[in-house]
Amino acid sequence: MSARESFNPESYELDKSFRLTRFTELKGTGCKVPQDVLQKLLESLQENHFQEDEQFLGAVMPRLGIGMDTCVIPLRHGGLSLVQTTDYIYPIVDDPYMMFRTGKNLETMGAARERRGGNGNAQEWFCDGGKAGRIACANVLSDLYAMGVTECDNMLMLLGISNKMTDRGFKDAAEEAGTSVTGGQTVLNPWIVLGGVATTVCQPNEFIMPDNAVPGDVLVLTKPLGTQVAVAVHQWLDIPEKWNKIKLVVTQEDVELAYQEAMMNMARLNRTAAGLMHTFNAHAATDITGFGILGHAQNLAKQQRNEVSFVIHNLPVLAKMAAVSKACGNMFGLMHGTCPETSGGLLICLPREQAARFCAEIKSPKYGEGHQAWIIGIVEKGNRTARIIDKPRIIEVAPQVATQNVNPTPGATS
């Protein structure tokens with residue numbers, strides 16, 4: 001996925017002040033119910049998730065804890081299981097085109113809009129393409145990929161927005177994943193909401209239950225943290241009182257680069273990592289989204305059959321975003337592992353002897369640009385908990401987007 005120039009609303013006949021994120025008060029996965037509240041609401045659905053697997057229609061039914069985002073249901077037809085997930089987000093980036101597939105250029109979009117008699121307003125323009133749609137689709141699929149599933153049989157799109165809108169960015173990301181959107185639900189809503197349902201039917205060897213971590217495994221993360229910080233401070237470029245709080249630790253060019261990198265990472269599918277989970281014998285995995293890396297690590301630890309705990313020593317973070325978070329008094333929770341991510345990477349438990357090979361393999365050019373992975377922690381004997389050490393090592397992840405493709409605001413701080 002190649003980088004593109006920064007979004008300019010006026011290039012699409014929009015007002016120069018247009019910001020997609022102003023169509024909602026919450027951003028990305030900021031819509032999530034707090035983790036502790038959600039656990040209490042759902043705990044009655046599964047009183048003891050360590051009990052033996054149940055028999056369902058004559059088949060063994062895998063147990064998934066309430067903290068996990070995917071269901072695995074044995075089907076009536078022997079040996080097959082339905083693996084399904086659903087998710088949605090609010091807009092997290094201002095560029096509707098950012099989730100849009102490379103190759104659909106501005107002239108094509110403009111001509112199509114004119115043929116329909118369009119007037120170039122924000123809602124109609126969003127209909128033509130959307131980075132937000134691509135990120136939303138990648139976010140939905142990620143729950144399947146965390147199960148080691150690489151093929152999705154069908155997707156439904158959920159859209160809450162005004163006045164007869166669809167989103168091609170969502171469709172394009174689904175096609176990249178090898179699936180298609182065959183239906184869904186569209187409603188009028190005060191805020192833009194975009195998400196979907198991903199469904200696949202699997203043989204037992206096509207998915208990996210997230211419950212087999214053992215002491216001695218290591219933890220691998222496949223995307224850097226800090227997307228929430230990057231998109232927030234990018235909005236602060238237009239808010240002087242907020243920008244003044246951080247301008248001594250970061251330049252406007254740094255912010256633009258981090259924002260572009262965050263968008264590229266959020267739009268990138270975790271499909272390659274899912275396939276490599278099989279190659280390198282992964283024992284468990286989850287994706288990192290609205291509860292932050294610590295919240296999702298805790299959910300994954302609670303799911304384990306063995307008495308283990310996860311300890312995180314390293315935090316790969318988008319360049320300069322750790323410094324920004326610190327300058328803000330850690331209001332984002334980035335160093336504590338509670339900062340929400342949208343369409344984040346996979347957190348994978350791998351055998352120690354396989355982890356370095358996994359990290360090297362995922363960077364291979366044969367999988368396309370942008371894939372990364374880091375060893376960030378260990379699995380040890382414990383009581384199904386997860387923690388970050390007091391002073392984790394921060395890995396500054398340099399942006400991979402080309403500097404020439406980023407146009408910082410004139411007068412950037414140096």
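Residues numbered from 1 in each chain as written. Predicted model: local features only at pLDDT ≥ 70, side-chain atom pairs only at ≥ 80, totals over all residues. Heavy atoms only, no water.

Considering the packing of helix H6 (residues 227-236) against helix H8 (residues 252-267)
At a minimum axis separation of 9 Å, H6 and H8 run at an interaxial angle of 135°. Taken together, the axes of H6 and H8 lie oblique to each other. Of the two possible hands of crossing, H6 and H8 adopt the one that is left-handed. Residues Thr 227, Ala 230, Val 231, Val 233 and His 234 of H6 form the contact with H8, whose own contacting residues are Val 255, Glu 256, Ala 258, Tyr 259, Ala 262 and Met 266. When the residues that make up the contact of H6 with H8 are grouped by side-chain class, the tally is eight nonpolar, two polar and one charged. (Axes fitted to C-alpha atoms, helices over the stretch in contact; angles between N-to-C directions. Helix = DSSP H or I, 4+ residues; strand = E, 2+ residues; numbered from the N terminus. Parallel < 35°, antiparallel > 145°, perpendicular 65-115°, else oblique. Left-handed = near helix turned anticlockwise from the far one by under 90°. Contact = heavy atoms within 4.5 Å. Nonpolar A, V, L, I, M, F, W, Y, C, P; charged D, E, K, R; others polar.)

Details of the environment of Leu 158
Mapping Leu 158 onto the fold places it in strand S5 (residues 154-160). A residue is classified by how much of its surface remains accessible, and Leu 158, at 27% relative accessible area, is partly exposed. For the pair formed by Leu 158 and Thr 186, sequence separation is 28 residues and the distance between their alpha carbons is 6.0 Å. Once residues within four sequence positions are removed from consideration, Leu 158 is found in contact with Thr 86, Gln 185, Val 193, Leu 194, Gly 195 and Gly 196. (Buried < 20%, exposed > 50% of the residue type's maximum accessible area, 1.4 Å probe, protein only.)

What to know about the sheet that holds S5
An order of S3-S4-S7-S5-S6 is seen for the five strands of this open sheet, with the pairing classed as mixed. With one partner strand each, in any of the chains shown, strand S3 (70-74) and strand S6 (181-187) form the two edges of the open sheet. Neighbouring strand axes in the sheet, compared pairwise and without regard to direction, differ in orientation by 15° on average. Judged from the five bridges that link them, S3 and strand S4 (residues 81-89) form a sheet pairing that is antiparallel. Within the sheet, the bridge partner assigned to Val 72 lies in S4 and is Val 83. (Pairing = 2+ DSSP bridges.)

Concerning unusual backbone geometry
The phi angle at Ser 343 is positive, at roughly 50°, despite the residue not being glycine. Residue classification places Ser 343 among the buried residues on the basis of a relative accessible area of 1%. The backbone phi angle of Arg 384 is positive, close to 60°, even though this residue is not glycine. Its relative accessible area of 19% is what places Arg 384 among the buried residues.

Let's talk about the sheet that holds strand S12 (residues 374-381)
Read across the open sheet, the six strands follow the order S9-S11-S8-S12-S10-S13; overall the sheet is mixed. The strands lining the two open edges of the sheet, one partner per strand, are strand S9 (284-287) and strand S13 (386-397). Each strand axis lies, on average, 20° off the axis of its neighbour in the sheet, ignoring direction. Of the strand pairs in this sheet, strand S8 (residues 218-221) and strand S11 (residues 346-350) are connected by four bridges, and their pairing is antiparallel. Bridged to Leu 219 within S11 is Cys 349.

Some thoughts on the confidence of the model for the protein chain
Summarising the model, the protein chain shows a mean pLDDT of 81, and 76% of its residues fall at 70 or more. Note on residues 99-129: pLDDT under 50 across the span, and 75 contacts to partners over four residues away in sequence or across chains. Confidence drops under a pLDDT of 50 for residues 403-414, and excluding neighbours within four residues, the segment shows 28 contacts in the predicted structure. (pLDDT = per-residue confidence, 0-100.)

A look at H8
Given a rise of 1.5 Å per residue, 16 residues ought to cover 22 Å, and the 23 Å separating the end C-alpha atoms of H8 matches this to within 8%. In terms of residue burial, H8 counts as a mostly covered element, since 15 of its 16 residues are buried. (Expected span 1.5 Å × (residues − 1).)

Here we look at helix H12 (residues 352-361)
Those residues of H12 lying buried are Gln 354, Ala 355, Phe 358 and Cys 359. Buried residues of H12, seen end-on, are gathered within an arc of 135° and therefore sit on one face of the element. Turned more than 90 degrees from where H12 packs its buried face, Glu 353, Ala 356, Arg 357 and Ala 360 sit exposed. (Arc of directions from axis to C-beta.)

Some remarks on the pairing of S4
With burial as the criterion, only one face of S4 is covered, namely that bearing Ser 81, Val 83, Thr 85, Asp 87 and Ile 89; the residues Leu 82, Gln 84, Thr 86 and Tyr 88 on the opposite face remain uncovered. Following S3, the chain reverses through six residues before pairing antiparallel with S4; Gly 79 in that reversal takes a positive phi of roughly 85°. Relative to strand S7 (residues 193-202), S4 is paired through nine bridges, and the arrangement is antiparallel. Residue pairing across strands places Val 83 opposite Thr 200, the latter belonging to S7.

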